[in-house]
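As a plain string of letters, each chain reads:
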Amino acid sequence: MHWNHWIRQFHRWTSIAFVLAVAASFIALAQEKPLVWVSYAPLPPLVLLVATGLYLFALPYLSRWRGRRDARA
Ligand code: HEM
């Protein structure tokens, strides 16, 4: 339970970092001499969001599956 809460908080705050990185990317690319490397900044938080997001998605199904397994035991 404690672990799931930590992952949810992590997903929540990483999403803010991701939004800021996307905004920075727009600004960097709009310059007269675009700073192309800044447009890669959203990728690390996005990778973390995909991993933790898929975990959060699976949680309700995992707990249902565990519940059914426990009921049989
Ligand atoms: C890219 C793959 C992503 C996947 C697979 C994913 C999946 C999920 C899932 C399954 C949940 C839990 C929903 C529930 O309560 O049942 C969640 C919550 C959330 N997601 Fe994502 N997400 C992704 C990316 C993002 C992005 C890009 C953002 C915002 C920029 C974001 C922001 C949030 C926030 C704020 C929550 C609520 C967290 C909380 O409970 O406090 N996620 N996401």
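Notes on the structure follow. All figures in this text were calculated on a predicted structure; none of them were measured in a lab.

A look at the site of the ligand
Here's step 1: Close to the ligand lie Arg8, His11, Arg12, Ser15, Phe18, Val19, Leu49, Val50, Gly53, Leu54, Leu56 and Phe57.
Here's step 2: Within the side chain of Arg8, an N or O atom sits 2.8 Å from an oxygen atom of the ligand.
Here's step 3: Contributing elements (two or more residues each) for the shell around the ligand: α1 (2-29) and α2 (43-72).
Here's step 4: Class assignment for the residues of the shell around the ligand results in seven nonpolar, three polar and two charged.

Quick word on the environment of Ser39
Here's step 1: Relative to the elements of secondary structure, Ser39 occurs in the loop between α1 and α2.
Here's step 2: Sequence spacing of Ser39 and Ala23 is 16 residues, and the spatial spacing of their C-alpha atoms is 9.4 Å.
Here's step 3: In this structure Ser39 touches Ser25 and Leu29, once residues within four positions along its chain are discounted.
Here's step 4: Within the structure, Ser39 has its side chain in polar contact with the backbone oxygen of Val36 (distance 2.5 Å).

Details of the coordination of the iron atom of the ligand
Here's step 1: In this structure the iron atom of the ligand is ligated by exactly one protein donor, His11 (NE2), at 2.0 Å.
Here's step 2: By the secondary structure assignment, His11 is in helix α1.

Reading guide: rules and limits
- Residues numbered from 1 in each chain as written.
- Predicted model: local features only at pLDDT ≥ 70, side-chain atom pairs only at ≥ 80, totals over all residues.
- Heavy atoms only, no water.
- Near = heavy atom within 4 Å.
- Polar contact = N/O pair within 3.5 Å; in protein donor to acceptor, adjacent residues only side chain to side chain.
- Helix = DSSP H or I, 4+ residues; strand = E, 2+ residues; numbered from the N terminus.
- Nonpolar A, V, L, I, M, F, W, Y, C, P; charged D, E, K, R; others polar.
- Contact = heavy atoms within 4.5 Å.
- Donors = N, O, S within 2.8 Å, 3.2 Å for Na, K, Ca; no water.

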